[in-house]
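Chain by chain, the residues:
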Amino acid sequence: MSKIAIPDLVEKLAGVAAKPLKDSSVKTELLDYARGVDTTAQSGSIKAVFGASAAAAIHLYNSADDADEDGVIGSRADASDPAKATTDWRPQLAFQAGSAWLKYSLAASATAKATGKIGTAGGSIAGDRSLRLLCYKRHDAGGRIGDAILSDIDEIASVLSASDIATLEVGEAVALKARGKLTATLSVSWSDIFSTSLHGLADVLGASQTGAFLVNIGASAGASFTATVDDDFSLCFVREKASGERAFRVALRKSVVHDDRFEAKAGVQIEFTDPAAVEKVLSAVMAGVLDAPTAALKAIDDATSLDRIPEQYQPIVTALAERFGLEDLNPLQPLKKKLQELTALLSERIAQIAKTKVALGFTYEYTRLASEASLLEATLSEEALSRLHGALLAFDFARVLNYGGSGYALDFYLHQKTVERVRAWGFSLGVGTWFNLKSKQERKDRFVSRRYVSPAGEALTRAYLGSTQYSANANTWNTDYGATFKADLEEARAPQQTAARDFKCGLQLWWEESRIKTASELPRVVDDAVLWGVIDAAAASALHAQLHGVLGAAGECKPRLSLMLSDHGLRQAMRVFAQADDAAWARHAARALPWYAKQSARASCASREAVYAPLFEAYRRRPDASGTALKQLIAKSLRDYGGGLAGQESIGETPWTVYQVLLRSDIEHRRFWNRWERLRSGATRMTDLLDVRGDWNDFDDNFAMLRGVFEQTFLIRAAASLLASDLPASVNDGRARAATLTIAYRDGNQDKSLVVGGRG
């Protein structure tokens, strides 16, 4: 037993000592003393010393409504259904009328601070971790507070001692809490926030609007957020009966892992540090969505009559009035009202997009480093308590679960295990001090399994994340592209019922490249936007004019294309890949050839398809052609096209030529066709896995068949083109599929970004 020495205890309790424990006017916290508390608790080799730096507190709980911040006492719900269980801690000590509890706590804490990065977000991190010993003593509610405390203070039971726990009266408890709180301040650019999807902005325009729109914002301009994650190690013993097999209840919780599927329960909260963050970017979003200068929108908002609006903005007033269907002879007031409504709606959408983006990003980066989380509840006899106390105090779940002695009964156990495989390879080449080339290919497979055990049996949930990423840089130039596939079984199932068809899935493809010359290569950027399905071909000319107007003086830019597919979109995409024939692949391979300014045959997706599809058809009939045979096939297929194209292509010395493109796809080993065949076969298997039957352990094998295409820059473009062309209309509604183009550039001394989205 332990004794807590608090100087001048009687004086500190003078205001409440004479009051009965049941007095509802008494505050829950009776005493909080932060200095000079000395006590020692010891059991065998385990020893805890709380010296002058420790804090002591006494709390009173005399009502079922009293909130215990440690969650030991409270309204105790029934045991969780194993199929719906989470790692949430639930009260172990049930409140009973006619009784009151005094909680004695000793705490020692440590704090730490750091600055650095969480994923791509910069910021600072501050954390604190505390070790607390708790003892809950039960008393008759009619007794006096002072008498109860004085009777307790010399005999406080410690969770560290099995003999102490054995002295507890029925309805009393001891607990250990080791709690950590991580608070991070994140700074994220708005261009990164919007890069996921512009559907939340585009749909405010209505289905009748078509074409593209630009959102021009500073690349360095961003939003700051605070994110907090709580985790803890908790152990609690409650005496429920005076003796017998179920004399004690024990709860053991070890939480060091959170994932995005449990983010709410893990305590992740995202809020804007600056309440005006959305307002700072709103004008740029409004201007982009409405295709109207910020100055014109401000002039409309400020004007008291139409003739007060500058002449150069009058056509914009007319255009906006037509867009919104305002037929008034004097449309100013209804237009101002409409713009105010749109401002409010966009503010809400921007906040939603930003918080979702940051919450998911932070959660993933936080969980990526962890491996396990467990929760156990059981009942013990006094003998089992004595035998298992050391294992429980050490959070040794395996030893507790495997205990075969009498007096132990498991109520509930949850365990999460994460296994991640990472394979990476690459090369580097340095020439003197003037040239440096590096490249790296990285593959990841991550499995997360959750096991629920109760007297009724076992239930499981599963999740899989697979990715492949290629990155290369030569001096200041760099490129990055790849794919990420995710599958998640959200509802717990019996081990034999975890069919893959019940998983929710998603897929993302992306590609980016730096140092694109804005003076000569903007048509290539626009062409890529068409190829990836960001915009329709009909909008290409207008988008080029818009980009030229904004980026013309920038010199260089960095475009990034992204295609995201939700569960419905992913399943449809697998069907598109599985059902496409070699002719379809040949046609989209033609579309995916590099844009080249000096050849009209390469000027657009449509022109490449028209000129080069016959070539790929011929190549399809001779898939083993290589070297001289392939060059002859190229020359023959293009001989009727003028401008010396056949000669250039058949010689095949420059990077843009079809021969060089195919050579880089490793035609000597037939990999252009082999990778396509594996993509189609993998998609067929994935469709079968999701729709008919299948073991979730096959996700990595099936994704492995897909990713060969996503690891080659020409082939990932062909895959994106096929999806942009052949996905059903039901997928292209912005929810099942989201395609975006983000362009980073420098305007004078300021970094900026454009986010391109399609309307309708």
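Just so you know, these numbers come straight off a predicted model, no measurement behind them. (Residues numbered from 1 in each chain as written. Predicted model: local features only at pLDDT ≥ 70, side-chain atom pairs only at ≥ 80, totals over all residues. Heavy atoms only, no water.)

Some thoughts on the overall build of the chain
Turning to step 1, where the next piece is worked out: Regarding its fold elements, the chain presents 23 helices and 23 strands.
Turning to step 2, where the next piece is worked out: When each of the 760 residues of the chain is scored for burial, the buried share is 51%.
Turning to step 3, where the next piece is worked out: Counting only contacts in the chain whose residues sit at least 6 apart along the sequence, the fraction spanning at least 24 positions is 73%.
Turning to step 4, where the next piece is worked out: Of the roughly 33300 Å² of accessible surface on the chain, a fraction of 49% belongs to carbon and sulfur atoms. (Helix = DSSP H or I, 4+ residues; strand = E, 2+ residues; numbered from the N terminus. Buried < 20%, exposed > 50% of the residue type's maximum accessible area, 1.4 Å probe, protein only. Contact = heavy atoms within 4.5 Å. Areas by Shrake-Rupley, 256 points an atom, 1.4 Å probe, with all protein chains shown as cover.)

Section: the pairing of strand S18 (residues 477-488)
Turning to step 1, where the next piece is worked out: Sheet topology note: the strand S17 (residues 457-474)/S18 ladder contains 12 bridges and is antiparallel. Residue pairing for S18: Thr-468 is matched across the bridge by Ala-483.
Turning to step 2, where the next piece is worked out: The pairing of S18 with strand S19 (residues 504-513) spans 10 bridges and is classified as antiparallel. Across the sheet, Lys-486 pairs through a bridge with Gly-506, a residue of S19. (Pairing = 2+ DSSP bridges.)

Notes on the pattern of salt bridges
Turning to step 1, where the next piece is worked out: What the rule picks out here adds up to 36 salt bridges.
Turning to step 2, where the next piece is worked out: In this structure, Arg-443 engages Glu-711 in a salt bridge whose closest nitrogen and oxygen atoms are separated by 2.7 Å. Here Arg-443, found in strand S16 (residues 435-454), pairs with Glu-711, found in the loop between helix H22 (699-710) and helix H23 (713-726); they are 268 residues apart in sequence, far enough to count as distant.
Turning to step 3, where the next piece is worked out: Note on Arg-443: relative accessible area 23%, which makes it partly exposed.
Turning to step 4, where the next piece is worked out: Accessibility expressed as a relative area gives 11% for Glu-711, which makes it buried.
Turning to step 5, where the next piece is worked out: Notably, a salt bridge pairs Glu-609 with Arg-591, separated by 3.0 Å at the nearest N-O pair. Taken together, the residues Glu-609 in helix H17 (residues 605-621) and Arg-591 in helix H16 (residues 582-591) connect sequence positions 18 residues apart. (Salt bridge = Lys/Arg side-chain N within 4 Å of Asp/Glu carboxyl O.)

Quick look at the environment of Asp-396
Turning to step 1, where the next piece is worked out: Relative to the elements of secondary structure, Asp-396 occurs in the loop between helix H11 (382-393) and helix H12 (397-401).
Turning to step 2, where the next piece is worked out: By relative accessible area, which is 31% here, Asp-396 ends up partly exposed.
Turning to step 3, where the next piece is worked out: The spacing of Asp-396 and Leu-252 is 144 residues in sequence and 9.6 Å in space, taken between C-alpha atoms.
Turning to step 4, where the next piece is worked out: Polar contacts involving the side chain of Asp-396 include one to the main-chain amide nitrogen of Arg-399, which spans 3.2 Å. (Polar contact = N/O pair within 3.5 Å; in protein donor to acceptor, adjacent residues only side chain to side chain.)

Some points on the environment of Ala-319
Turning to step 1, where the next piece is worked out: Along the chain, Ala-319 turns up in helix H9 (residues 314-323).
Turning to step 2, where the next piece is worked out: Taking the C-alpha atoms as reference points, Ala-319 and Leu-290, separated by 29 residues in sequence, lie 9.8 Å from one another.

Topic: unusual backbone geometry
Turning to step 1, where the next piece is worked out: Of note in the backbone geometry, Asp-291 takes a positive phi value of approximately 55° without being a glycine.
Turning to step 2, where the next piece is worked out: Following the sequence through the fold, Asp-291 ends up in the loop between helix H7 (277-290) and helix H8 (294-302).
Turning to step 3, where the next piece is worked out: Looking at Asp-291, the relative accessible area reads 51%, which means it is exposed.

Topic: the nonpolar core
The tendency in soluble globular proteins is for nonpolar side chains to be buried as a group.
Turning to step 1, where the next piece is worked out: If you look at the biggest cluster of nonpolar residues, it comprises 98 residues, and the most contacted ones within it are Tyr-612, Phe-616, Phe-672 and Phe-699.
Turning to step 2, where the next piece is worked out: Counting residues in hydrophobic clusters, the runner-up holds 51 residues, among them Leu-13, Leu-235, Ala-384 and Leu-385. (Core = buried A, V, L, I, M, F, W, Y, C linked by side-chain atoms within 4.5 Å.)

Details of the packing of helix H15 (residues 567-579) against helix H21 (residues 671-691)
Turning to step 1, where the next piece is worked out: Close contact between H15 and H21 brings their axes to 8 Å; oriented N to C, the two are set at 135°. It follows that H15 is oblique to H21 by the angle criterion. Our pair here, H15 against H21, has a crossing hand that is left-handed. Seen from H15, the contacting residues are Leu-570, Arg-571, Met-574, Arg-575, Phe-577 and Ala-578; seen from H21, they are Trp-676, Leu-679, Arg-680, Ala-683, Thr-684, Met-686, Thr-687, Leu-690 and Asp-691.
Turning to step 2, where the next piece is worked out: Its residues assigned to classes, the contact of H15 with H21 comprises 9 nonpolar, 2 polar and 4 charged. (Axes fitted to C-alpha atoms, helices over the stretch in contact; angles between N-to-C directions. Parallel < 35°, antiparallel > 145°, perpendicular 65-115°, else oblique. Left-handed = near helix turned anticlockwise from the far one by under 90°. Nonpolar A, V, L, I, M, F, W, Y, C, P; charged D, E, K, R; others polar.)

Points about helix H13 (residues 522-531)
Turning to step 1, where the next piece is worked out: Buried residues dominate H13, accounting for 9 of its 10 residues.
Turning to step 2, where the next piece is worked out: Those residues of H13 not exposed but buried are Leu-522, Arg-524, Val-525, Val-526, Asp-527, Asp-528, Ala-529, Val-530 and Leu-531.
Turning to step 3, where the next piece is worked out: Just downstream of H13, Gly-533 is the residue with a positive phi angle, here 80°.

Section: the environment of Leu-102
Turning to step 1, where the next piece is worked out: Relative to the elements of secondary structure, Leu-102 occurs in strand S7 (residues 99-118).
Turning to step 2, where the next piece is worked out: Apart from residues no more than four positions distant in its own chain, Leu-102 is found in contact with Leu-21, Leu-30, Ile-58, His-59, Leu-60, Cys-135, Tyr-136, Lys-137, His-139, Ala-148, Ile-149 and Asp-152.

A closer look at the side chain of Lys-177
Turning to step 1, where the next piece is worked out: Examined against the element boundaries, Lys-177 turns out to sit in strand S9 (residues 173-189).
Turning to step 2, where the next piece is worked out: Polar contacts involving the side chain of Lys-177 include one to the main-chain carbonyl oxygen of Asp-70, which spans 3.0 Å.

A few points about the packing of aromatic side chains
Turning to step 1, where the next piece is worked out: Scanning the model with the defined rule gives 20 aromatic pairs in all.
Turning to step 2, where the next piece is worked out: Note on Phe-485 and Phe-703: the rings are 5.8 Å apart at their centroids and 20° apart in plane angle, and the pair reads as stacked. Linking Phe-485 in strand S18 with Phe-703 in helix H22, this pair joins segments that are 218 residues apart in sequence.
Turning to step 3, where the next piece is worked out: Given the relative accessible area of 0%, Phe-485 is considered buried.
Turning to step 4, where the next piece is worked out: Here the aromatic rings of Tyr-619 and Trp-673 are separated by 5.5 Å at their centres, their planes lie at 50°, and the arrangement is tilted. Taken together, the residues Tyr-619 in helix H17 and Trp-673 in helix H21 connect sequence positions 54 residues apart. (Phe/Tyr/Trp six-rings, centres within 6.5 Å; stacked < 30°, edge-to-face > 60°.)

Side note on the pairing of S19
Turning to step 1, where the next piece is worked out: The buried count for S19 comes to 8 of 10 residues, which makes it a mostly enclosed element.
Turning to step 2, where the next piece is worked out: When S19 meets strand S21 (residues 556-565), the two strands line up antiparallel, connected through 6 bridges. Bridge pairing in S21 links Glu-512 to Arg-560.

A closer look at the side chain of His-139
Turning to step 1, where the next piece is worked out: Examined against the element boundaries, His-139 turns out to sit in strand S8 (residues 121-140).
Turning to step 2, where the next piece is worked out: Polar side-chain contacts of His-139 include one of 2.7 Å to the side chain of Asp-152.
Turning to step 3, where the next piece is worked out: Those residues in contact with His-139, other than ones at most four positions away along the chain, are Leu-21, Gly-98, Ser-99, Ala-100, Leu-102, Ala-148, Ser-151 and Asp-152.

Some points on the confidence of the model for the chain
Turning to step 1, where the next piece is worked out: Mean pLDDT over the chain: 79, with 75% of residues reaching 70 or higher.
Turning to step 2, where the next piece is worked out: The element-level mean pLDDT for the chain is lowest in helix H6 (residues 263-266), coming to 26, with H16 highest at 96.
Turning to step 3, where the next piece is worked out: Contacts from residues 257-268, a stretch scored under 50 in pLDDT, to residues over four places away or in other chains number 42 contacts. (pLDDT = per-residue confidence, 0-100.)

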